[in-house]
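Read off the chains here:
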Amino acid sequence: MKLCFSTLGCPEWSFSDIISTACDMGYDGIEIRGVGNVIDGTRIPQFSPENAPKTMALLADKGLTIACLTSACYMNDSNHLDDVLYLAKAYADTAHDMGIKNIRVLGDFGPEQSGELNIAEIAARVKEVAQYAKPLGVNVLVETNGFFADSRNMVKLVNCADEENIGVLWDIHHPYRYFDETPDYTGDTIGDLIRHVHIKDSVYDNNKLKYTMVGYGDLPVRECIERLNAIGYDGFYSLEWLKRWDLSLEEPGIAFAGYAGYMKSLVK
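Residues numbered from 1 in each chain as written. Predicted model: local features only at pLDDT ≥ 70, side-chain atom pairs only at ≥ 80, totals over all residues. Heavy atoms only, no water.

**Regarding the overall build of the protein chain**
Going by this rule: For the purposes of this entry, the term helix denotes a DSSP run of H or I that reaches at least four residues, the term strand denotes a run of E that reaches at least two, and both are numbered from the N terminus. Here the globule rule is a power law, 2.2 Å times the number of residues to the power 0.38, and the radius of gyration is based on C-alpha atoms. Whether a residue is buried, partly exposed or exposed follows from its accessible area with a 1.4 Å probe, protein chains only, as a fraction of its type maximum: under 20%, in between, or over 50%, in that order.
Regarding its fold elements, the protein chain presents 9 helices and 10 strands. Rg of the C-alpha trace for the protein chain: 17 Å, near the compact-globule value of 18 Å for 268 residues, within the 12% margin. Overall, the C-alpha framework of the protein chain stretches about 50 × 45 × 35 Å when taken along its three principal axes. The buried share of the protein chain, taken over its 268 residues, is 54%.

**Observations regarding unusual backbone geometry**
Phi is positive for D162, which is not a glycine, with a value near 55°. Relative to the helices and strands, D162 is located in the loop between α5 (151-161) and β6 (166-171).

**Let's talk about the environment of K243**
Stated formally: Only heavy atoms enter the contact rule, under which two residues are in contact if any of them lie within 4.5 Å. Within 3.5 Å is the distance limit for a polar contact, defined as a pair of N or O atoms, with the added protein rule that one can donate a hydrogen and the other accept it, and that residues adjacent in sequence qualify only through two side-chain atoms.
Mapping K243 onto the fold places it in the loop between β10 (236-239) and α9 (252-265). A C-alpha to C-alpha distance of 16 Å links K243 and D17, two positions 226 residues apart in sequence. Leaving out residues up to four positions away in the same chain, K243 has contacts with L8, G9, P11, S248, L249, E250, E251 and P252. At 2.5 Å, the side chain of K243 and the backbone oxygen of L249 are in polar contact.

**Quick word on helix α7 (residues 183-190)**
Rules: Directions are taken from the helix axis to each C-beta atom, and the arc is the one they span.
By the burial criterion, the buried members of α7 are P183, T186, G187 and I190. For α7, the angular spread of buried residues about the axis comes to 100°, placing them on one side. Taken together, the buried residues of α7 touch α5, β6, α6 (173-179), β7 (194-199) and α8 (221-230).

**A word on helix α4 (residues 119-133)**
Each full turn of the α-helix corresponds to 3.6 residues, which orients residues three or four apart in the same direction. For clarity, the threshold we go by: Expected span of a helix, by definition, is 1.5 Å for each gap between consecutive residues, and there is one gap fewer than residues.
For α4, which comprises 15 residues, the first-to-last C-alpha distance of 21 Å matches the rise-based estimate of 21 Å (1.5 Å per residue) to within 8%. If you check which residues of α4 are buried, you get I119, I122, A123, R125, V126, V129, A130 and A133. End-on, the buried residues of α4 take up no more than an arc of 160°, which puts them together on one face. In this structure, the buried residues of α4 make contact with α3 (81-98), β4 (102-106), β5 (139-143), α5 and β6. Capping of α4 at its N-terminal end is provided by N118; its side-chain oxygen lies 3.2 Å from the backbone amide nitrogen of A120.

**What to know about the pattern of salt bridges**
Two side chains of opposite charge can pair, provided their charged atoms sit close to one another. Put simply, the rule reads: Any Lys or Arg side-chain nitrogen located within 4 Å of an Asp or Glu carboxyl oxygen qualifies as a salt bridge.
Applying the stated criterion to the full structure yields 13 salt bridges. The shortest N-O distance in the salt bridge between E163 and K127 comes to 2.8 Å. A residue pair is termed long-range when its members are at least 10 positions apart, and E163 in the loop between α5 and β6 and K127 in helix α4 qualify at 36 residues. Given the relative accessible area of 25%, K127 is considered partly exposed. D171 is paired through a salt bridge with K200; the nearest N and O atoms lie 2.4 Å apart. Highlighted residues: D171 in strand β6 and K200 in the loop between β7 and β8 (201-205), separated in sequence by 29 residues. No difference in accessibility class separates D171 from K200, as the two residues are buried. Put simply, D171, K200 and E240 are held in one network by salt bridges that share partners.

**Digging into the packing of aromatic side chains**
Stated precisely, the cut-off is as follows: When the centres of two rings from Phe, Tyr and Trp lie within 6.5 Å, Trp using its six-membered ring, the rings pair. Their planes under 30 degrees apart give stacked, over 60 give edge-to-face, and anything left gives tilted.
Applying the stated criterion to the full structure yields 8 aromatic pairs. Where W13 meets F256, the ring centres are 5.6 Å apart and the plane angle is 85°; that geometry is what we call edge-to-face. Taken as a pair, W13 in the loop between β1 (2-6) and α1 (15-24) and F256 in helix α9 lie far apart in primary sequence, 243 residues in all. Residue W13 shares its accessibility class with F256, and that shared class is buried. Cluster of aromatic residues (ring-pair linked, three or more members): F5, W13, Y27, F256 and Y259.

**Digging into the pairing of β5**
Spelled out, the test is: Any two strands with at least two DSSP bridges between them are considered paired. For the handedness criterion, the strands are oriented away from the viewer, and a crossover whose path from the first strand over the helix to the second runs clockwise is classed as right-handed.
Counting buried positions along β5 gives 4 out of 5 residues, so the element sits mostly inside the fold. Pairing of β4 with β5 involves 4 bridges; the strand directions are parallel. Considered in β5, the bridge of N102 is made with N139. For the crossover from β4 across α4 to β5, the handedness is right-handed. Pairing between β5 and β6: 4 bridges, direction parallel. Paired with V142 across the two strands is V168, which belongs to β6.

Any link to function would need more than the numbers given here.
Here you go:
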């Protein structure tokens, strides 16, 4: 089981802090969603063309992989489409320069159920990015988010886009919470498309959703992992701790240590 954490969970940490913690806690990699005040992954100083070789050497020396370069490129944003496509392609360029296999894009704005979207239109945009990224050796992953947390919609999107370097980032939270999908159903529907996984946990408290440390909520985390094992998934399990968006959540050191301990307990 390969573990990583998203830097969304440690918005105040330096790149050096991130590397040190990943090593100290026995992680295998990192998912990049901003570093410090720089949320745009293409503008992180350590990833610039002049610094990329040194950063890659450091990561190799520490035995760490950057599992995914995670963008906020919304493929459904028709009002800013040129900017969205430009940025998504820039993410592919940066991923190539840094030897990162995967970038994440989004097909919808929020995690909750959304209104109907034009799947063919969004698929065409994802396809354009994927065709650009393919010769760079980069995969384009669409997250199970909003309208596309419904696994049926996700399959339609991927089939419509029809590029071999398009895959799915399964955020285990959204299909379960917002579409009542069981781990078996999601696994049966999109299992062969999954290239990266976000792990998080939550409970409903007075009818309000509250994120918890993994293992402290009632999301079927173990069952999701068992389903992934059954279909032969060999990618990363990434903790997406939403600290950047909710400062009331536990501090990253606590959350990251708890996640590593919980996940490792599942394979004993």
